[in-house]
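Residue-level listing of the chains:
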Amino acid sequence: MSARVLVWSERPSLALELLGEARRVADVHDGEVSLCVAGEAAPSEVESYAAYGADVLYVPDKGTPDSAQWVDILTAVIAECQPCLTLVGATKTGMEVAARVAERCEASYAAWAVEISLDDATASPTAGCMLYAGSRSEEHTSELQSRQYL
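Bear in mind the structure is a predicted one, so any value in this text is a computation, not a measurement.

Asks: Mind laying out the overall build of the protein chain, listing which residues take part and the relevant values?
Replies: Of regular secondary structure, the protein chain possesses four helices and seven strands. Mapped in sequence order, the helices and strands of the protein chain form the string β-α-β-α-β-α-β-α-β-β-β. Expressed as a percentage of the 150 residues in the protein chain, the buried residues total 45%. As presented, the protein chain carries roughly 7900 Å² of accessible surface, and 48% of it is formed by carbon and sulfur atoms.

Asks: Explain a nonpolar patch on the surface residue by residue, including any values.
Replies: A cluster of nonpolar side chains, namely Val46, Leu57 and Val59, defines an oily patch on the protein surface of about 190 Å² accessible area. Its location among the elements puts valine 46 in helix 2 (residues 43–51). Residue classification places valine 46 among the partly exposed residues on the basis of a relative accessible area of 31%.

Asks: Requested: an account of the nonpolar core, with residues and values cited.
Replies: Membership of the largest hydrophobic core comes to 25 residues, with the highest contact counts inside it found for Val5, Val7, Leu19, Leu35, Tyr49, Leu85 and Leu87. Secondary structure elements with two or more residues in this core: strand 1 (4–8), helix 1 (12–28), strand 2 (32–36), strand 4 (85–88), strand 5 (113–118) and strand 6 (125–131). The element best represented in this core is helix 1, accounting for eight residues. Leu6, Cys36, Val97 and Cys105 belong to the second-largest nonpolar core, a separate cluster that totals 16 residues.

Asks: Which residues make up the packing of aromatic side chains, and what are the values?
Replies: Inspection of every chain in the model, using the stated rule, returns one aromatic pair. Summarising the aromatic geometry, the rings of tryptophan 8 and tryptophan 70 are spaced 5.0 Å apart at their centres and angled 50 degrees between planes, so their arrangement reads as tilted. Of this pair, tryptophan 8 sits in strand 1 while tryptophan 70 sits in helix 3 (residues 67–81); the two residues are 62 residues apart in sequence, bridging distant segments of the chain.

What counts, and where the lines are drawn
- Residues numbered from 1 in each chain as written.
- Predicted model: local features only at pLDDT ≥ 70, side-chain atom pairs only at ≥ 80, totals over all residues.
- Heavy atoms only, no water.
- Helix = DSSP H or I, 4+ residues; strand = E, 2+ residues; numbered from the N terminus.
- Buried < 20%, exposed > 50% of the residue type's maximum accessible area, 1.4 Å probe, protein only.
- Areas by Shrake-Rupley, 256 points an atom, 1.4 Å probe, with all protein chains shown as cover.
- Patch = residues over 30% accessible without salt bridge, like charges linked within 9 Å, V, L, I, M, F, W, Y side chains within 5 Å.
- Salt bridge = Lys/Arg side-chain N within 4 Å of Asp/Glu carboxyl O.
- Core = buried A, V, L, I, M, F, W, Y, C linked by side-chain atoms within 4.5 Å.
- Phe/Tyr/Trp six-rings, centres within 6.5 Å; stacked < 30°, edge-to-face > 60°.

As structure tokens, then:
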């Protein structure tokens, strides 16, 4: 089953890290990786996103959106590209935006995910998450198979 993975972080260096994981997951399922970046991305950054595995790039019209604007933007991008998995950087802004987008999209949400896999038949994601500052981990499986996973 083909899988679409969406990546977003307000930090370009973190977006590159997330692209690596997204590419790994997508390649296992003959999938596509999309990236949403701030409108002021330099041409050299755009080229590096492709080199790190982005197949599709979403660039909003707004220069530097705030958290509320990012929620609107990502909700619209998710509606358009219908990813089975969305990876968001674990920054202060990222954690705020991801939770709000998950609520709007009625999607599952796993914070502090350290490993991700997709079911071969359904592309339903499973995330291994850190608990108690990394002293324990737990696995979360999306019960909303037709929804995205943030």
